[in-house]
Each structure stands twice: as structure tokens, then as C-alpha cells.
Amino acid sequence: MLPSVFRCVRPVSTTLALNRPLAHFRPHMDPDPSRPVERAIRTKLTNSLLPDHLEVHNESHMHAVPPGSESHFRVLVVSSKFEGLPLIQRHRLVNEALKEELSSCVHALAIQAKTPEQWGSNPTLAKSPPCMGGSRGDHTVEEKLKAGRE
């Protein structure tokens, strides 16, 4: 993948979602091409997990990182590939799909991994807690952001 895909400083993201429509959900916008990390996350999860519903939220603006960063994400993945798997194994599948991003400029990834049945009975995305400023003293954030721009 081209190094430019991992540029971490971009315009602040608004919530975007991509889904293969379930009957009771509205269609969402396509991802913004100016957000390469978000786009890479969306593409890799779509290709590896064939989700019925996928939401990728850039929550970097909620944390102690420069404006426009792509370093903190929350994903909601609804996939039949999760059927019969414990939560830890579902998370491992997501982490494996995104190992390149997680080892470069993604500092934090919150995951909700549901089966279509679970999503049908509870179609909600958990809210993120407010940032406590923990990354201010974490030098890996700065290093990852720098590495992502190179």
C-alpha cells in the first residue's frame, strides 16, 4: 500500500458509515477520499469480513492529538462471519484485518463486533467516554503521526 495512505493529519472527520443495507436502515454516504486511514479501515474490513453493516467513526477530535488527525477510531462491524465466535475472537479478526494501520498511525481502536441477529435486536453503537488526556504523555502517538506523514 502506498505510504500516502497512512497520512494521519487530515480535516476533522464527521461520522460516516458504509453499509450493505438492512431493510430498516437508511443508506449512508461513501467515505471521503481525503481521509486515507478511514478509507483503508473501511476497505479492509469490508473485504475481509463482508459486513452487513459497517460504521467507521474517526474520534481523533475527542483526544489530545492535532486537529485533523486520523489516530482514534471506533468501528461497528455486523457480519455473519462472527456467528458462533466469542467476542475475543471477533476482535482478533478485526485487529488482524487492520494490523498495518494499528502498527502505523492508528493509536486507538474501539470495536463493536456483532452478528446480524445481535444487530437486529439491538441496532445501537456504544458511546465513547470523554478523553481523559491519557495520550498527552504517550510519545507513541506523536511517533505514529510522524511516521504516517512520511
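Cut-offs and rules
- Residues numbered from 1 in each chain as written.
- Predicted model: local features only at pLDDT ≥ 70, side-chain atom pairs only at ≥ 80, totals over all residues.
- Heavy atoms only, no water.
- Helix = DSSP H or I, 4+ residues; strand = E, 2+ residues; numbered from the N terminus.
- Buried < 20%, exposed > 50% of the residue type's maximum accessible area, 1.4 Å probe, protein only.
- Contact = heavy atoms within 4.5 Å.
- Axes fitted to C-alpha atoms, helices over the stretch in contact; angles between N-to-C directions.
- Parallel < 35°, antiparallel > 145°, perpendicular 65-115°, else oblique.
- Left-handed = near helix turned anticlockwise from the far one by under 90°.
- Nonpolar A, V, L, I, M, F, W, Y, C, P; charged D, E, K, R; others polar.
- Core = buried A, V, L, I, M, F, W, Y, C linked by side-chain atoms within 4.5 Å.
- Expected span 1.5 Å × (residues − 1).
- Salt bridge = Lys/Arg side-chain N within 4 Å of Asp/Glu carboxyl O.
- Arc of directions from axis to C-beta.

Here we take up the overall build of the protein chain. The helix and strand tally for the protein chain stands at 5 helices and 4 strands. Ordering the α and β elements of the protein chain from the N terminus gives β-α-β-β-α-α-β-α-α. By residue count, 41% of the 150 residues in the protein chain fall in the buried class. Restricting the contact set of the protein chain to residue pairs at least 6 apart, pairs at least 24 apart contribute 70%.

The next subject is the packing of helix α1 (residues 36-49) against helix α2 (residues 87-97). For any two helices packed against each other, one specifies the inter-axial angle together with the distance between the axes. At a closest axis distance of 9 Å, the pairing of α1 and α2 adopts a crossing angle of 125°. When the axis of α1 is compared with that of α2, the two are oblique. Of the two possible hands of crossing, α1 and α2 adopt the one that is right-handed. Along the contact surface, α1 presents Lys44, Leu45, Ser48 and Leu49, while α2 presents Leu93, Val94 and Ala97. In the contact of α1 with α2, the residues fall into 5 nonpolar, 1 polar and 1 charged.

Here we come to the nonpolar core. Side chains of nonpolar character tend, in soluble globular proteins, to be buried together. Judged by nonpolar contacts, the single largest core of 17 residues is most densely connected at Ile41, Leu45, Val75, Val77 and Val94. When contributions to this core are tallied by element, the ones reaching two or more residues are α1, β2 (53-58), β3 (72-78), α2 and β4 (108-114). The leading source of residues in this core is α1, at 4 residues. Discounting chain neighbours no more than four positions away, the residues touching Val77 are Leu45, Leu49, Pro51, His53, Leu54, Phe82, Val94, Gln112, Ala113 and Lys114.

Moving on: the environment of Trp119. For Trp119, the position within the fold is in helix α4 (residues 116-121). Exposure remark for Trp119: the relative accessible area of 2% places this residue in the buried category. Note: C-alpha distance between Trp119 and Leu76 (43 residues apart in sequence) is 9.9 Å.

The next thing to look at is α1. If you check α1, its first and last C-alpha atoms are 20 Å apart, about what 14 residues at 1.5 Å a residue would give, namely 20 Å. Residues of α1 that are buried include every one of Pro36, Val37, Glu38, Ala40, Ile41, Arg42, Lys44, Leu45 and Leu49, and no others. Directly beyond the C-terminal end of α1, a positive phi value near 45° is found at Leu50.

Below, the discussion takes up the side chain of Ser104. Counting through the fold element by element, Ser104 comes out in the loop between α3 (99-102) and β4. Under the relative-accessibility criterion, Ser104 is labelled buried at 18%.

Under the defined criterion, the tally for this structure stands at 5 salt bridges. A salt bridge links Lys44 to Glu100, with the shortest nitrogen-to-oxygen separation between them at 3.1 Å. Of this pair, Lys44 sits in helix α1 while Glu100 sits in helix α3, and the two are 56 residues apart along the sequence. Assessed through its relative accessible area of 18%, Lys44 is described here as buried.

One turn of the α-helix equals 3.6 residues, which is why residues spaced by three or four share an orientation. All of the buried residues along α2 are Arg90, Val94 and Ala97. Along α2, the residues classed as buried sweep out an arc of 65° about the axis, all on the same side. In this structure, the buried side of α2 is in contact with α1, β3, α3, β4 and α4.

A few words now on the environment of His91. Within the secondary structure, His91 sits in helix α2. The sequence separation of His91 and Ala113 amounts to 22 residues, and the corresponding C-alpha distance is 6.9 Å.

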